[in-house]
Amino acid sequence: MPAADHYLSRSGHAAQAVAESPFTIEVRFTGGLSDRQRAAFASAADRWSQVIVGDLPSVVVDGETIDDVLIVAEGADIDGTGQVLGQAGPTHLRPESAGVAALLPARGEMTFDSADLAALQADGSLDDVIAHEMGHVLGIGTLWEAKGLLAGSGSGDPTFTGAGAVAEWGALGGSGDVPVENTGGPGTAEGHWRESVFADELMSGFISEAGNPLSRMTAASLRDLGYDVALDAAEAYALPAAAPAGRAAAVRRLARCAVTVPTAVVLPGSSLLG
Ligand SMILES: [Zn+2]
């Protein structure tokens, strides 16, 4: 049987085993990915569509109707193992006139170095890395500035100011706005939760060995961006200081998130469908 050329996310809610999540991520595979690698994209799409549960207004991009996000995924020969992992981020954003969905991604791109994908698969971190990069396509770290939710850019102490994530940071034991990565240079700094604080959380700037939780704080940050979110679908997470004995010390950082973010265009108001 030939591998499918696309994947539509499904809801992972056990109680709604038959129901589709109203939020659909379509992953379109355009080449260079093995079946195992495609499976990583499929499970990542399912993981995010468990926490994002609300339909977004459909838009037309290049003559194609998109409900809710289309991600074009491919493997490519870039520079061998290490260094550049690839490119990941939104390429088309909903129009400013889309209300609460203004600027939320309609289409995005995930292109990864085939050599790096093979290495990630070998060390067991492929699924978490693909989920992490898909988080960037959905707007985590890539839309913070555009949505006015990043404070202290360039100051050495950047923070995320969205009320939902700030509340969950407080519930974890933090105070004030959420610490954002301040090291690692362009692509890592100001686009992730701060590694020194959040360690193995999925959207910190370094991927740890398998088991990087998608926390309530990350889910809440998606609500701050404008998505309809089910916080209770997030995964169990604690700050390293509160983690089970040995866990924090045992976490091995495997790779810095080394992707470039494509330039995104804001779609015209006429692209919105009813
Ligand atoms: Zn990243």
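Right above here is the structure, for reference.
Bear in mind the structure is a predicted one, so any value in this text is a computation, not a measurement.

Each value, and the rule that gives it
- Residues numbered from 1 in each chain as written.
- Predicted model: local features only at pLDDT ≥ 70, side-chain atom pairs only at ≥ 80, totals over all residues.
- Helix = DSSP H or I, 4+ residues; strand = E, 2+ residues; numbered from the N terminus.
- Contact = placed C-beta atoms within 7 Å.
- Pairing = 2+ DSSP bridges.
- Buried ≥ 20, exposed ≤ 12 C-beta atoms within 10 Å, placed from the backbone.
- Core = buried A, V, L, I, M, F, W, Y, C linked by C-beta atoms within 7 Å.
- Arc of directions from axis to C-beta.
- Expected span 1.5 Å × (residues − 1).
- Axes fitted to C-alpha atoms, helices over the stretch in contact; angles between N-to-C directions.
- Parallel < 35°, antiparallel > 145°, perpendicular 65-115°, else oblique.
- Left-handed = near helix turned anticlockwise from the far one by under 90°.
- Nonpolar A, V, L, I, M, F, W, Y, C, P; charged D, E, K, R; others polar.

**Student:** Lay out the overall build of the protein with the relevant residues and their values.
**Tutor:** For the protein, the helix and strand inventory stands at seven helices and 14 strands. Here the contacts in the protein between residues at least 6 apart in sequence split such that 67% fall between residues at least 24 apart.

**Student:** Talk me through the sheet that holds strand β10 (residues 178-179); I want residue IDs and the actual numbers.
**Tutor:** Reading across the sheet, the three strands line up as β8-β9-β10 and stay open at both edges, with antiparallel pairing between neighbours. At either end of the open sheet lies a strand with only one pairing partner, and these are β8 (150-151) and β10. As paired strands, strand β9 (residues 159-160) and β10 are joined by two bridges and run antiparallel to one another. Looking across to β10, one finds that F160 is bridged to V178.

**Student:** Tell me about the environment of F206, residues and numbers included.
**Tutor:** Here F206 lies in strand β11 (residues 206-208). The class of F206 is buried, set by 22 C-beta atoms lying within 10 Å. Sequence separation between F206 and R256 is 50 residues, and the spatial gap between their C-alpha atoms is 4.3 Å.

**Student:** Run through the nonpolar core, naming residues and quoting values.
**Tutor:** It is characteristic of soluble globular proteins that their nonpolar side chains tend to be buried jointly. Among the nonpolar cores identified, the biggest contains 71 residues, and V27, F41, A45, I71 and M134 are the most heavily contacted of them. When sequence neighbours within four positions are dropped, the list of residues in contact with M134 reads A44, A45, W48, I71 and M110.

**Student:** Kindly report on helix α4 (residues 163-172), identifying the contributing residues and their values.
**Tutor:** Those residues of α4 that sit buried are A165, V166, E168 and W169. Buried residues in α4, looked at end-on, bunch into an arc of 165 degrees, giving them a common side. For α4, exposure combined with an orientation more than 90 degrees from the buried face picks out A163 and A171. The first or second residue beyond α4 is G173, which carries a positive phi of 115 degrees.

**Student:** Would you mind going over unusual backbone geometry in detail, with residue names and values included?
**Tutor:** With an omega dihedral of 5 degrees, the bond running from D67 to D68 counts as a cis peptide bond. A positive phi angle is found at L103, which is not glycine, with a value near 70 degrees. L103 gets classed as buried once you count the C-beta atoms within 10 Å, which come to 20.

**Student:** Residue-level account of the pairing of strand β2 (residues 25-29), with values.
**Tutor:** Looking along a regular strand, one sees the side chains alternate between the two faces of the sheet. Burial along β2 is one-sided: I25, V27 and F29 are buried, while E26 and R28, pointing the other way, are not. Judged from the three bridges that link them, strand β1 (residues 6-8) and β2 form a sheet pairing that is antiparallel. By the bridge assignment, H6 is partnered in β2 with R28. As paired elements, β2 and strand β5 (residues 69-76) share five bridges and run parallel to each other. Residue pairing across strands places I25 opposite V69, the latter belonging to β5.

**Student:** With reference to specific residues and values, describe helix α3 (residues 126-138).
**Tutor:** Relative to the 18 Å expected for 13 residues at 1.5 Å per residue, α3 spans 18 Å between its end C-alpha atoms, a close match to the ideal helical length. The buried fraction of α3 amounts to twelve of the 13 residues, a majority that puts the element mostly inside the structure. Buried within α3 we find L126, D128, V129, I130, A131, H132, E133, M134, G135, H136, V137 and L138. Within two residues after α3, G139 carries a phi angle of roughly 125 degrees, on the positive side.

**Student:** Can you lay out the pairing of strand β7 (residues 105-113) for me, pointing to particular residues and giving the numbers?
**Tutor:** Buried residues dominate β7, accounting for nine of its nine residues. In this sheet, β7 lies alongside β5 in parallel orientation, the contact comprising seven bridges. Bridge assignment links V72 to a residue of β7, and that residue is E109. Pairing analysis gives seven bridges linking strand β6 (residues 86-93) to β7, with the strands arranged antiparallel. Bridged to A88 within β7 is M110.

**Student:** Which residues make up the packing of α4 against helix α6 (residues 216-225), and what values go with them?
**Tutor:** At their nearest, the axes of α4 and α6 sit 6 Å apart, and the two run at 165 degrees to each other. It follows that α4 is roughly antiparallel to α6 by the angle criterion. Seen along the crossing, α4 lies across α6 with a hand that is right-handed. Seen from α4, the contacting residues are A163, G164, A165, A167, E168, W169 and L172; seen from α6, they are R216, M217, A220, S221, R223 and D224. Residue classes in the contact of α4 with α6 are distributed as seven nonpolar, two polar and four charged.

**Student:** Go over the environment of V229 with me, naming the residues and quoting the values.
**Tutor:** Inspection of the secondary structure assignment puts V229 in the loop between α6 and α7 (247-250). With 175 residues separating them along the chain, V229 and G54 place their C-alpha atoms 7.0 Å apart. Not counting residues up to four positions away in its chain, the partners in contact with V229 are V51, I52, V53, A219, A220, L222 and R223.

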